[in-house]
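Chain residues, written in single-letter form:
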Amino acid sequence: MMRFQHRAPARSTLPMQGRGWRSRRPLTRFDDLFQDHPQPMWIYDLVSLRFLRVNLAACRHYGYSEAEFLHMTIRDIRPPSEQARLTADMAAAPHAGPQSSGVWTHLKRDGRPISVRISSHALIHEGRRARLVFALDVTQQVAAERALYKSEQLYRRLIDTMPLQVFWKNLDLRYVGCNRLFALASGLDDPASVVGKRDHDLPWQHGAAEHEAEEAEDRAVIEYGRPVRGREQTLTAPDGRPRRHLVNKLPLHGRHGEIVGLLGMVEDITASRAAGETLRLQSRALDASVNAILITRRAGDDDVIEYANPAFARISGYELAEVIGTDCRFLQGDDREQEGMLALREALRTEREVTVELRNYRKDGTLFWNQLHVAPVLDAGGATTHWVGVINDITAAKRYQQELEHQSTHDALTGLPNRNLFQDRLEQAIAYAARYGHQMWVVVLDLDNFKLINDTLGHAVGDNLLQTVSGRLRAALRDSDTVARLGGDEFILLLPDQPGQNDGTLSPRTVQAVLDAVSAPMRLGAHDLALTCSMGVSVYPRDGDTAASLFKHADIALYRAKDGGRNQLQFYTSEMNARVTERTLIEGHLRNALVRHEFVLHFQPRIDCATGRVAGLEALLRWQQPELGLVQPDRFIGVAEETGRIVEIGEWVLYEACRQAKAWQDAGLPRVPVAVNVSARQFRQAGFVQEVRGALEASGLEAGYLELELTESLMMQNVEGVIAAMLHLKAGGVRLSIDDFGTGYSSLSYLRRFPLDYLKIDRSFVRDMLHDAPGSAIVRSMITLGHSLGCRIIAEGVETNDQLGYLTQEGCDEIQGFLCSRPVTGEAAGELLYADR
Ligand SMILES: Nc1nc2c(ncn2[C@@H]2O[C@@H]3COP(=O)(O)O[C@H]4[C@@H](O)[C@H](n5cnc6c(=O)[nH]c(N)nc65)O[C@@H]4COP(=O)(O)O[C@H]3[C@H]2O)c(=O)[nH]1
């Protein structure tokens, strides 16, 4: 250790007080004190700031030797950051007396900083103005203070950053401290402003009642040491809005366990409560939804159900507990390869929303159609964590849609495929047959006389009949065959290759099955019916290789079958085309026949059986077509009826017949009625009665000389309307006859109501009447019936004297037929009348 070696009297130091600055007496004891003092001490020159003396403790503490110190100034032991402060301190320091100048940072010789508390005293040292400095090392104390400050800061920051309002009160219920949140909630900016106040001193938004309740609770906490936990309350926040709080209060204990106050924590749970409420509502919405909702999570290859709502249980029939944790694929059962599944898998793979329609199966195995909408649920980072699936049971809509589709492709009455569906199937069958070299048959089937049954027995019976025939046809054929209804009484059959049949003919068994289906006796309501049918057949590929040509050719064959007397099956032949061609030809020529005056009337007399004289003349239409020659009615009346031309043609006949009859009368020939055939279509025209009246007026013929022949089937359609029109005509004096009697389904009760003058027995009955007993009995009863209705009986088609004899014997009134005369021109008919004078 270095002693104070340079001690010399000349360097003695005197304090400025006491013995005086000029005293030179060495103060050895003082030096020793200075030198040996445990605190670092030094004297420095106030002008040069140089160290003048340093004690051993200073040398030890700072690490400088005394000699080194004496070459330094007091600036040299200070860091640059303290230099300005030193300058200011020097300037402010008193020239005499002691000074405490606070804590400074000094640097040791090795550069380490220390904190020192400096106190100094002015003095004269060896004639210089100097200062004696005591440096107390407070480095540790400062560090501890700093640490404390720091921890206080930390604690302050901690309670200020807590998402809770924190406060603590003393026994007087005055606030001792609080965090920033609490201060703000109380209406102040700064926690310090809260300290010392009581609740009612703070600018809360809520009122005195709340403060009182609050303090009462505080007092209870302090008095009984019982904490308050999780009390909820709603208070008004400084912004005026209600906030929901969760309040906790604990007693604060002193060093000896005594209660010294309370610590309170208030948590604002408004947002979490609102979120909870939202969740509650959303959960309720999920529960109440009529659509099933699933939330699934991907787990490996599975989409595991995490949530399913009650609607899911209702729709699927599964208990919720059964399905949670399982993959959704149980809903498809084995029906996995569905179109919707492909789209669904793709959407799951690409994590996109999708709506698909799936066939799902309930727990009991029944199918339900599911319109499924799935959407990914993303986390904050945008990754898919779950999927939400909304299941909409669209079974009813699907069924409705299927029904609509069925309706558009099926016949409503019979449930059979309609023409459109048949066409599709035929096209498919053609493609198939073409590929495999098969043949097949298209059969158009028409029920004979259906129209008559429908018209006479009513539509309900007609419908019933069609349904029965449909069912029978369906049952008679194989599943691979198609039966469709084309409309009305027309059916069409598609019969693909019959096993063992490749000769272009239908198997007799199939034909028989179809015939039996139609002709087996049928009881419909009160009616026993026996039907027949006509069939036209075309064969693929012989008669056509398109749906249209097969259709057309089967239709032509049918036409031929009907033409040939019905109740038969006709295969299409190329010659049939000729007939169709002729029909087309006739239809074309008919268009201009009237304007070209190509029609003429022939007349056939009928003879009174009693007198043998002409009783009347029937006007029969002939068509003198330049290219076709004289065309008989059976070749063109049907076409005229179908095309509607019969209306204008019939009108011409009516006028012409009246004109001719009047001309004969005017020529002085015998006055006999002229009979005109009226077609159903013509009769149904709204102005028909007026038209008859017009023809009579135009010709000047008396109504009593005009006779209208109405067919039985015409009269049975819209019976009431027909009777009304007949009564009108009858009232005007016109005579009425029922033509072709016996060929239709006349109801006797109706017959009585028709105001008829004549009943014409159809020539088919006359032809057959002498062949067997039933035939003659039928004619006999017809005559009796006619007479009982008050009609004169005319027998048609009388060709032989035997027929004439029988008819006369049975009381027939008039006869018409080749026996008396064929239909002849108007001129020849005039001659007949002339001869009959
Ligand atoms: N086998 C045979 N036939 C006989 C005999 N006596 C008469 N006929 C034929 O029987 C038909 C009688 O006429 P309808 O039954 O009214 O049958 C008529 C009638 O339904 C219809 N028709 C003729 N003219 C007209 C007309 O002006 N208007 C309408 N709507 N139909 C007419 O055409 C049908 C056929 O007329 P037509 O060919 O003139 O044939 C006539 C006549 O030539 C006979 O002894 N044996």
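Residues numbered from 1 in each chain as written. Predicted model: local features only at pLDDT ≥ 70, side-chain atom pairs only at ≥ 80, totals over all residues. Heavy atoms only, no water.

Per an unreviewed UniProt entry, the recorded name for the protein chain is EAL domain-containing protein, and the organism is Pseudoduganella dura. Under the heading Catalytic activity (unreviewed entry), UniProt records this for the protein chain: "3',3'-c-di-GMP + H2O = 5'-phosphoguanylyl(3'->5')guanosine + H(+)". (UniProt positions renumbered as here; feature names shortened; annotations may be inferred.)

**Student:** Please explain the confidence of the model for the protein chain as it appears in this structure.
**Tutor:** One rule of thumb: low pLDDT means the predicted coordinates there are not for detailed reading. Confidence in the prediction of the protein chain, expressed as mean pLDDT, is 88, and 95% of residues score 70 or more. This model gives residues 1-25 a pLDDT under 50, and the stretch forms 59 contacts once residues within four places in sequence are excluded. (pLDDT = per-residue confidence, 0-100. Contact = heavy atoms within 4.5 Å.)

**Student:** Would you explain the site of the ligand in this entry?
**Tutor:** Surveying the vicinity of the ligand reveals 21 residues, the closest of which are Arg 622, Asn 677, Arg 763, Glu 799 and Phe 818. Measuring from an oxygen atom of the ligand, one finds a side-chain N or O atom of Asn 677 at 3.0 Å. Phe 818 places a main-chain nitrogen or oxygen 2.9 Å from an oxygen atom of the ligand. Its free accessible area being 780 Å², the ligand has 83% of it covered by the protein chains. Counting only elements with at least two residues in the shell around the ligand, the list comes to strand 25 (614-625), helix 20 (633-643) and strand 29 (735-741). Of all the elements, strand 25 adds the most residues to the shell around the ligand, at four residues. Looking at the shell around the ligand residue by residue, the classes come out as eight nonpolar, five polar and eight charged. (Near = heavy atom within 4 Å. Polar contact = N/O pair within 3.5 Å; in protein donor to acceptor, adjacent residues only side chain to side chain. Areas by Shrake-Rupley, 256 points an atom, 1.4 Å probe, with all protein chains shown as cover. Helix = DSSP H or I, 4+ residues; strand = E, 2+ residues; numbered from the N terminus. Nonpolar A, V, L, I, M, F, W, Y, C, P; charged D, E, K, R; others polar.)

**Student:** What should I look at first to understand the sheet that holds strand 9 (residues 228-236) in this one?
**Tutor:** Whether parallel or antiparallel, the strands of a sheet pair through hydrogen bonds between backbone atoms. Taken together, five strands build an open sheet; the order of strands is 8-7-11-10-9 and the sheet is antiparallel. What marks the edges here is a single partner per strand, and that holds for strand 8 (175-178) and strand 9. The sheet shows a mean angle of 25° between the axes of neighbouring strands, taken without regard to direction. By the bridge criterion, seven bridges tie strand 7 (residues 164-170) to strand 11 (residues 259-268) in an arrangement that is antiparallel. Bridged to Trp 168 within strand 11 is Leu 263. (Pairing = 2+ DSSP bridges. Axes fitted to C-alpha atoms, helices over the stretch in contact; angles between N-to-C directions.)

**Student:** Got a minute to help me understand the packing of aromatic side chains in this structure?
**Tutor:** Think of a pair of aromatic rings as described by two things: how far the centres are apart, and how the planes are tilted against each other in angle. Taken as a whole, this structure holds 19 aromatic pairs when the rule is applied. Ring geometry for Tyr 155 against Trp 168: centres 6.4 Å apart, planes inclined by 50°, an arrangement best described as tilted. Separated by 13 residues along the polypeptide, Tyr 155 in helix 5 (residues 139-161) and Trp 168 in strand 7 bring together distant segments of the chain. What makes Trp 168 buried here is its relative accessible area of 15%. Arranged with centres 4.8 Å apart and planes meeting at 75°, the rings of Tyr 318 and Phe 330 form a pair that is edge-to-face. Of the two residues, Tyr 318 is situated in the loop between helix 10 (310-316) and helix 11 (320-323) and Phe 330 in the loop between helix 11 and helix 12 (339-350); the sequence distance between them amounts to 12 residues. (Phe/Tyr/Trp six-rings, centres within 6.5 Å; stacked < 30°, edge-to-face > 60°. Buried < 20%, exposed > 50% of the residue type's maximum accessible area, 1.4 Å probe, protein only.)

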